[in-house]
Structure formats: C-alpha cells, structure tokens
Amino acid sequence: MIKVLHVMKWMGHGGAEAWLMNVMRTIDRSRFSLDFLVETDFPGVYDNEIKALGGKIIYCKGLPNLFAFSWNFAKLLKEHGPYNVVHSHLHHFSGFILALAALKKVPIRIAHSHIDGRLQRTQNSKRKLYEGFTQLLIHQFATCGISCSQDAAYDLFGTSWRSNKKWQVLHCGIDLSTFAQPKDSGEMRKSFGIAPIQKIIGHVGRFTPQKNHALIAEIAKSLIPANPHFTFLLIGSGDLLLSFKSFVNKSGLQNNFIFFDNRTDIPDLMLNVMDIFLFPSLFEGLGLAFIEAQAAGLPCVVSTTIPAEADVCTNLIERVNPLAPIESWVRALQRASKKQRDPKTPSTTIQSSSFTIEQSTQSLAALYSQKKDLICH
C-alpha cells in the first residue's frame, strides 16, 4: 500500500479540490491510500466523503505562526504516517511543507502548481523575499514538481522549468460520465423559473478579484438593455458576492441575474440550463470549469489570459482580451448565442485528450509508484 498525504488549505469548493476528489474516487484504493492534511480546523464540504472512501482528514492548526504549524505538522506526520508521498498543493508555501517532509524522510515529495499568478505580482519587497526563499526550498526539497498547465509551471518552477525533467505538466481531468446523461432541459429550466426565450449566460467561480466579476457587471450593463432576454447564471460564493449583488440591484438588473451558491450538479446545469459559458478571469492556472463547459458543448467566451492548452474544442471558443472594450465582449456573447450546441462531439474530443480523470489519475498513480531515485534529476 502506497500512503499519500495531500496538503491543502481546506477541502472546500474549488477546482483543485473537486479534481482531487475525482482522483480519490477513481484511483485503485487497494493500492493507494489518500489522506488530506488541511491548515485549518474548519470542516470542508468533502470531509465526510473522504472518510467514507477510507481516507483521513487531518486538521493542522498553527498558522500564521510558522513554528507552531511546523511542530504540529511534524507531530501529525509521525502520528498518521509513515507516508510514502507528501503532495503539497499550497503553491509557494509548499517549500516549507516539503522541507518538513524531507526532515521526516518522506521519500517522494511533490510540489503542485495550480495557478499562474504572475499577472497579479506585486512589488512588495517582503512578498518578493518570501517567494524567492520558498522557490529555493521547492528546488531543494521537491523530488518532483507538477503543474496544471505550462503557465502554472512557469509561475512556480521558474522560466527554465522545461530544462529540468523534475518539473512536468499534468493536466487535471474531469469525469466525463457526469456529462453523458442530459436531462429534460425544458423541465429543468422551468424548475428555476427560466422561460424558453431566455438565453442563459453561465459562469462558475468564487467571487474574488481573480474571477473578474467586475467585468461581468459591466458586460451586463451594456448587453441587457438591448437584449433583455439574456440572463446571467452565476455559481459560486466569496467575499465579493454581497457587493456584486448590491451593484446588480442598484443597476436595476436583478431580474436578469440568477445566483446559485456552490453546487454539486454543475454538469447538469451546463448541459440543461446554460446556453453560453462566460469566463473572463484575470488569470488562471488552467480553468477546470472551462474544460467542463466544453464537455457540455457550450459556446465559450473566455479571457485571453486563460492558458491556451485549455482550448480542447476550438470551434466552441472565442477569446477576448480582458482589457478590450466592453462592446467586444458583448458582440462575442451575441455571436455565441447564435451557435448550435452539439453536446456529443465535444465529450468525444475530450475523451481522447489529457483532460479526463482517468488519464490524470493514471499519471498520478505512476508518479506515486516510482522510486525516489527515479524521480530525482
């Protein structure tokens, strides 16, 4: 049995968390044992399922006191281990995690980059010092580094990452079986009070600056007066949700917005409710919701900052620069609304790509199974 410890902020709603749960559901659990250490004692939405699937959810408190956290981490590693693999998903902070794992002689230590944050870099000297130091730790103590895209690899492993076989891209995959059974679209839309004439522009993402909901608001202000049949369906929670709703109400657009909190039926909503997918993020590591939208056959209007390798079904996609005039986004959505959906061909295309959960789980299993001397380069 190969014991793997995933280190996360928490197991709540999010692309990386959803992907890891699909990995856990798919991987051979007679060969691999997956536990999750989180840097909080706040319960996550997946905690109970992790336990039901035979894993542990381990709460490690102490931050922002690094010494307290390190003490607790080392104690928990000994208590629940020994582990063959420590797989850290905490971006730059992974440097500290993997250094601690090396001290405890964990043989396989993986740093995982899920984001490309280069566009949000600040010139804050303390932050630059922190990132520089933690990158040194990652280069020193990671036996392997993986990223969800080439852009995410550049961000965490540096501009020369391609020249070192220790760093590699491993695309996060989706479970295509959840897109295989379309429901009665008319009935499902009716259950949400959506009229047949309405064109539903869907978006999935936390209400954070990264997801660029401010641009969605400006698009709506420009689009809806001349196109009142367009309605925005926004799925997610976050710190900016209340202020966004306030803006919508003050603009008189409340009848053209539907808000859903975090959902577990996003594939169903994409297949049966949405007509278009809008993804104007300022930056992404990959954008797993964008891959799911393509699997559902949705015409997609997305930001040019999304990694290009996420374009699997290119006939569905139109890219717009997030700094382009609002009218560019409006025209793109109007063009997308005239496209005919094909819910079957996209899934077939993705099935033969690297974006299936089976493919990414197989790649992870191979990585976990290697001996340390085969991983280090």
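Whatever comes next refers back to the structure up there.
Here the structure is a predicted model, which means the values were calculated and not measured. Per chain, residue numbering runs from 1 following the sequence as it is written. Two thresholds apply to this predicted model, a pLDDT of at least 70 for residue-level local features and 80 or more for giving and counting side-chain atom pairs, whereas whole-chain, interface and lining totals are computed over all residues. Each side-chain value is worked out from all heavy atoms of the structure, with water and hydrogens disregarded.

What about the packing of helix α5 (residues 125-141) against helix α6 (residues 150-157)?
Here is step 1: At a minimum axis distance of 9 Å, the contact between α5 and α6 shows a crossing angle of 105 degrees. Looking at the two axes, α5 sits roughly perpendicular to α6. Between α5, through Gln135, Ile138 and His139, and α6, the contact on the second element is made entirely by Asp155, Leu156 and Phe157.
Here is step 2: Residues that form the contact of α5 with α6 fall into these classes: three nonpolar, two polar and one charged. Here the axes come from fitting lines to C-alpha atoms, over the contacting stretch only for helices, and the angles between their N-to-C directions go from 0 to 180 degrees. Helix and strand definitions follow DSSP, with helices as H or I runs of at least four residues and strands as E runs of at least two, each counted in order from the N terminus. In this scheme, roughly parallel covers angles under 35 degrees and roughly antiparallel covers those over 145, while 65 to 115 is roughly perpendicular and the rest are oblique. Throughout, a residue-residue contact means that at least one pair of heavy atoms, one from each residue, lies within 4.5 Å. Gly is placed with the polar residues, together with every amino acid not listed as nonpolar (Ala, Val, Leu, Ile, Met, Phe, Trp, Tyr, Cys and Pro) or charged (Asp, Glu, Lys and Arg).

So, the pairing of strand β4 (residues 85-88)
Here is step 1: Type-normalised accessible area, obtained with a 1.4 Å probe on protein chains alone, sets the label of each residue: buried when under 20%, exposed when over 50%, and partly exposed for intermediate values. By the alternation rule, side chains of β4 split into Val85 and His87 and Val86 and Ser88, which are all buried.
Here is step 2: Pairing between two strands requires that DSSP report at least two bridges joining them. The pairing of β4 with strand β5 (residues 108-113) spans four bridges and is classified as parallel. The residue bridging His87 from the neighbouring strand is Ile110, located in β5.
Here is step 3: Seen with the strands pointing away from the viewer, any crossover whose path from the first strand over the helix to the second strand runs clockwise is right-handed. Since β4 and β5 lie parallel, the crossover through helix α4 (residues 94-103) that links them has a hand, and here it is right-handed.

Quick word on the packing of aromatic side chains
Here is step 1: Aromatic pairs are defined between Phe, Tyr and Trp rings, using the six-membered ring for Trp, whenever the two ring centres lie within 6.5 Å; interplanar angles under 30 degrees are classed as stacked, those over 60 as edge-to-face, and all others as tilted. Counted according to the given criterion, the structure contains 18 aromatic pairs.
Here is step 2: An angle of 25 degrees between the planes, with centres 6.1 Å apart, marks the rings of Phe69 and Phe73 as stacked. Of the two residues, Phe69 and Phe73 both sit in helix α3 (residues 66-80), four residues apart, roughly one turn of that helix. Phe73 carries the same exposure label as Phe69, and that label is buried.
Here is step 3: If you follow Lys3 out to its NZ or CZ, it ends over the ring of Tyr83, 4.8 Å from the centre.
Here is step 4: For a Lys NZ or an Arg CZ to count as sitting over a ring, it must be within 6 Å of the ring centre and within 35 degrees of the ring normal. Between Lys245 and the ring centre of Phe259, over which it is positioned, the NZ or CZ distance is 5.2 Å.

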